[in-house]
Structure formats: C-alpha cells, structure tokens
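Now for the letters of each chain:
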Amino acid sequence: MIASPRVQKSRARWFPWLALSNAALWTLLWLRQATDGAQRDWRHFHDTARLILAGRANEIYPGHTPGLPFLHPPYAVWPFVPFGWLSRTGGYLACTLSTVLALAGALWLLRRALPADRKRFAVGVLVILGSASWTAMLALGQVSAWYLLILCACLSLWMRGERGWAGAVVSLLMLKPNLGVVFPMIFLARRQWRLLGGWLAGMLLLLGSTLPLGPGVWGHYFESMRAVSGLIDRIPVWKQHTMLAFWRSFVHAPRVLGILWLASAIPLAAATAWTWLRSDLSAQSLPRLFGVTVLMIVTCSPYLHHYDALLLALPGLVWYLGRERYRSATLHRLCGAALLAAYLIQYASLWLLDRGWSLVGPALAVWLVAEILDLAPPLTAPGQTGSTARLRA
C-alpha cells in the first residue's frame, strides 16, 4: 500500500528536521568527550606506529597495548605511521580528522554516482552522521570511513570505465582482509581482467611495502592470527552485526554454532554471487551490485564490529536515492523496513542497553534477500515486455 500524497508530504516536512536533530545530538555528545577516544581503540594504532618509528617492527604482533592486539596485515601499519609522530591525543584528533575527510570524500563520490535532488541527498547524509556506527567510530578512534571511501572510489572509477584503477584502489580494502577478499573473486567470476589485473598490481605493491619490516613480520602476523577465534569469542555479541554473532546469542555449542552460521552464510553468499553473474555491469547497475556486496560482507563475515557497519551507508544511500531503480515497490519498502530495524536495533544495543542479543544480522539478511529478489530477472507474462512488467516505487 502506497502512502497518500498527504502522508508523503508530512514525512517530507518532518523527517529532515528529525535527521538533523539526531545528527546534531550525537555530534555534540561526542564533542563533549572527544579526547576520550585517544584512550580507547586508538591506542593500539598509535602504539603500533610508535613501534615502527622506533625500529621495532618485530614487536608489532601482538603489540604492546593491553587487551588490544594489532591484527591487521603488516602493510596496514603504514597509514598509521605519520600519527606516531604526534602525542596520543594529537594523533587521535588528526586521525579523526582523516576519517571525517574520508566520509566527506565517499559521500561526494556517491553524490556523483547517484543523481538526486540536493535536499534528499542532504537528508541521507544527516541520517549517516546520526548513525550509531559513525558516532561509535569517532568515539573509539577507528577508521571505518577509510574503507567506505575505498569502496566508493572503486565504484566511481568502474562506472567511469577506469577499470584498472578501480581494481588497484579496491585492493586497499585488504588492509582489512575480511572486507576485501570478495572483490578479486567477483572480478574473476565475471572475467573482468583489467579489474583483476589492477587488484593484483595493488596487492603486489602492498606486499612489497612490507620488505622494510623484515623477513619475520609475516610469520609473527600468522602466528597472532591463530588467536583470532578466541578473541572473537570474547567480544560481546551486541557489538557485532553478523549472522555468526546472531547465532552466538543463543547457541554455545561450537559445532552447532558453526553449522548454523554456514547454513545461513553460504546461501546468502551464493545468492550474491548469482546476482553478479546474472546482472549486467552497466553504470546503472553497479551501485546496487556494490550495495548487495556490502550487505553480504557485513552479514556473512565471521566477525565485523559495530563501527564497520558504517559501510552500510553505501547500500543505504543507493536504496534511499534510487527508488526508481527498483522493480518492486513491495521489495523496496521491505528493504527500508529492514534498514530501519537495523538502525534502531544498533542504537538500542550500543547506546541505550549496552548489552543484549545481536539482532542486526537477521535484519540485514532480510534486506539482502529483498535486494537480490528485486535484482533477479523479471518474470513476464506472454506478450508482455519487461518494461511494462516493471513496478516502480
């Protein structure tokens, strides 16, 4: 059922003010305690940078920060090294500024990729600025906005036909391998050789950049990674947004937990791959395909913290600004309902309850399935063309 024009007009009047008020509230709350982030997750980035500057690269794994081991690949140290010249607080504030600039760059690229009126786009930006993922990232000193910028840059370059550069740029997502490993598989499956070649060139540069760190750094890294599963088990489930975290909320037997996770993650990943294989790679299709991929990564990853859900800004804006690109009005509304549920559940678990079950994963899975169904080839009646069968929101 489509809302009446009167209801739509009312929404258009009050929703921008609600989004602005929400974003302003959480921004002010963060500014009141801005420097506190220097004593949170930011510490292990800063400590790692200091070790590199001191010539003690052999000590970065697991690192010297109590309770916060450095688990990124060795080449991921370089973006943090410049901040090591600054004090703990100064480095945190400089890194935070870089994430603000990264988000601004990502949104600018999405604005170019998703034509929409200025007011509607501004409302979408306010919703992102008021999200729990964004405010948590700022409060903790994390850098998820960097990864969002990488994704948006790859999308923009691919849409413009710069496929080699797009592949090289998205190789930077391997700074966090659980985010980036899916893209070379997509390039290979779709025989996008220029994209794959760019990705491989980027990876060679990343791997080559670890030579100054010494021959033993990779051995230390893989040894530290053995402890990842134990670390995941110690992270509260409400701080993660994956299907694995959802099942961990209710199931504690490791074998049963693994079966349930695979039974939910494999079909979702396979459906995402099928969508890529059945879709054209036109500039009009790529934003939604990237959105589906981000949803799959967030939902099916073995671990993904609440702040990394900032990546959902990409599929969220694609949904909000691209209603005319959906065939089914019902599926478009279902995507919106799932997005709203994930948004509110994240708020409740992170800022209000500070505990509870991980329920964001199922909401994202519903969103992902709805997107895939809408992207599936339409079933047309005899004598009916695809254009006449299309249902618009």
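Residues numbered from 1 in each chain as written. Predicted model: local features only at pLDDT ≥ 70, side-chain atom pairs only at ≥ 80, totals over all residues. Heavy atoms only, no water.

Peer 1: Sorry, what's going on with the packing of helix H7 (residues 163–170) against helix H10 (residues 193–208) here?
Peer 2: How two helices sit against one another is set out by the angle between their axes and by the gap between those axes. The interhelical angle for the contact between H7 and H10, taken along N-to-C directions, is 40 degrees, at an axis separation of 6 Å. It follows from the interaxial angle that H7 and H10 lie oblique. Taken as a pair, H7 and H10 cross one another with a handedness that is right-handed. Together, Arg163, Gly164, Ala166, Gly167, Ala168 and Val170 of H7 and Arg194, Leu195, Gly198, Trp199 and Gly202 of H10 make up the contact between the two elements. (Axes fitted to C-alpha atoms, helices over the stretch in contact; angles between N-to-C directions. Helix = DSSP H or I, 4+ residues; strand = E, 2+ residues; numbered from the N terminus. Parallel < 35°, antiparallel > 145°, perpendicular 65-115°, else oblique. Left-handed = near helix turned anticlockwise from the far one by under 90°. Contact = heavy atoms within 4.5 Å.)

Peer 1: What is the right way to read empty space enclosed by the protein from this model?
Peer 2: Any empty space left between the atoms is revealed when a probe the size of a water molecule rolls over them. Under the defined criterion, the tally for this structure stands at one cavity of 30 Å³ or more. In this structure, the largest cavity spans a volume of roughly 40 Å³. Considering the residues around the largest cavity, the lining is formed by His72, Ala76, Phe80, Trp146, Tyr147 and Leu175. Within the lining of the largest cavity, the residues separate by chemical class into five nonpolar, one polar and no charged. (1 Å grid on protein atoms, 1.4 Å probe; cavity = no way out; pocket = protein on both sides within 12 Å on 5 of 7 lines; lining within 4 Å. Points joined across faces, edges and corners; volume = space filled by probe spheres on them. Nonpolar A, V, L, I, M, F, W, Y, C, P; charged D, E, K, R; others polar.)

Peer 1: Mind showing me how you'd approach H10 here?
Peer 2: Along an α-helix, a turn takes 3.6 residues, which lines up residues three or four apart on a common side. An ideal rise of 1.5 Å per residue puts 22 Å on 16 residues; H10 measures up with 22 Å between its terminal C-alpha atoms. Among the residues making up H10, those that are buried are Leu195, Leu196, Gly198, Trp199, Gly202, Met203 and Leu206. Buried residues in H10, looked at end-on, bunch into an arc of 160 degrees, giving them a common side. Turned more than 90 degrees away from the buried face of H10, the exposed residues are Trp193, Arg194, Leu204 and Leu205. Here the buried face of H10 lies against helix H6 (144–159), H7 and helix H9 (182–189). (Expected span 1.5 Å × (residues − 1). Buried < 20%, exposed > 50% of the residue type's maximum accessible area, 1.4 Å probe, protein only. Arc of directions from axis to C-beta.)

Peer 1: When you look at the packing of helix H3 (residues 88–113) against H6 in this model, what are you seeing that I'm missing?
Peer 2: Direction vectors running N to C along H3 and H6 enclose 25 degrees, while the axes themselves pass 8 Å from each other. Classified by the interaxial angle, the pair formed by H3 and H6 is roughly parallel. Between H3 and H6 lies a crossing of left-handed hand. Across the interface between the two elements, Cys95, Ser98, Thr99, Ala102, Leu103, Gly105, Ala106, Leu109, Leu110 and Ala113 from H3 touch Ala145, Trp146, Leu148, Leu149, Cys152, Ala153, Leu155, Ser156 and Met159 from H6. When grouped by side-chain class, the residues that make up the contact of H3 with H6 number 15 nonpolar, four polar and no charged.

Peer 1: What should I look at first to understand the layout of surface pockets in this one?
Peer 2: In this structure, the second largest pocket occupies an estimated 740 Å³ of space. At the level of elements, helix H2 (42–53), helix H5 (132–140), helix H12 (228–234) and helix H17 (329–353) are the ones that each hand at least two residues to the lining of the second largest pocket.

Peer 1: Would you explain the state of the cysteines in this entry?
Peer 2: A covalent bond bridging the sulfur atoms of two cysteines is what the word disulfide describes. Enumeration over the complete set of coordinates arrives at zero disulfides. Here Cys152 is not cross-linked by a disulfide; its sulfur's nearest cysteine counterpart is in Cys154, at 9.8 Å. Owing to a relative accessible area of 2%, Cys152 belongs among the buried residues under this scheme. (Disulfide = S-S within 2.5 Å.)

Peer 1: What's the story with the side chain of Thr65 in this structure? I'm lost.
Peer 2: As for its position among the elements, Thr65 is in the loop between H2 and H3. When its relative accessible area of 8% is taken as the criterion, Thr65 is described as buried. For Thr65, the side chain forms a polar contact with the side chain of Asp47, separated by 2.5 Å. Leaving out residues up to four positions away in the same chain, Thr65 has contacts with Arg43, His44 and Asp47. (Polar contact = N/O pair within 3.5 Å; in protein donor to acceptor, adjacent residues only side chain to side chain.)

Peer 1: Any chance you could explain the environment of Gly197 here in plain terms?
Peer 2: Mapped onto the fold, Gly197 is located in helix H10. We classify Gly197 as partly exposed; its relative accessible area is 36%.

Peer 1: Explanation requested: a nonpolar patch on the surface in the structure shown.
Peer 2: On the surface, a cluster of nonpolar side chains totalling about 330 Å² of accessible area is made up of Leu53, Trp85 and Leu86. By the secondary structure assignment, Trp85 is in the loop between H2 and H3. Its relative accessible area of 67% is what places Trp85 among the exposed residues. (Patch = residues over 30% accessible without salt bridge, like charges linked within 9 Å, V, L, I, M, F, W, Y side chains within 5 Å. Areas by Shrake-Rupley, 256 points an atom, 1.4 Å probe, with all protein chains shown as cover. Salt bridge = Lys/Arg side-chain N within 4 Å of Asp/Glu carboxyl O.)

Peer 1: Please clarify how unusual backbone geometry should be interpreted in this entry.
Peer 2: Among all residues save glycine, negative phi is the norm, and among peptide bonds the norm is trans. Of note, the amide linkage connecting Tyr61 to Pro62 takes the cis form, showing an omega dihedral of -5 degrees. By secondary structure assignment, the location of Pro62 is in the loop between H2 and H3. A positive phi angle, close to 55 degrees, is found at Arg191, a residue other than glycine.

Peer 1: Explain the pattern of salt bridges here, please?
Peer 2: If charged atoms from side chains of opposite charge come close, those side chains can pair. In this structure the tally under the stated criterion is five salt bridges. Between Glu59 and Arg56 there is a salt bridge, with the nearest N and O atoms lying 2.8 Å from each other. The exposure class assigned to Glu59 is partly exposed, which follows from its relative accessible area of 24%. Owing to a relative accessible area of 33%, Arg56 belongs among the partly exposed residues under this scheme. One salt bridge in this structure joins Arg288 and Asp374, with 2.7 Å as the shortest N-O distance. Taken as a pair, Arg288 in helix H15 (residues 286–300) and Asp374 in helix H18 (residues 360–375) lie far apart in primary sequence, 86 residues in all. This pair shows no difference in class: Arg288 is buried, exactly as Asp374 is. The network of salt bridges with shared partners includes Arg288, Glu371 and Asp374.

Peer 1: Quick question: what am I supposed to make of H15 here?
Peer 2: A rise of 1.5 Å per residue sets the reference length of H15, with its 15 residues, at 21 Å; its end C-alpha atoms lie 21 Å apart and thus fit the reference within 8%. A large share of H15 lies buried, amounting to 15 of its 15 residues.

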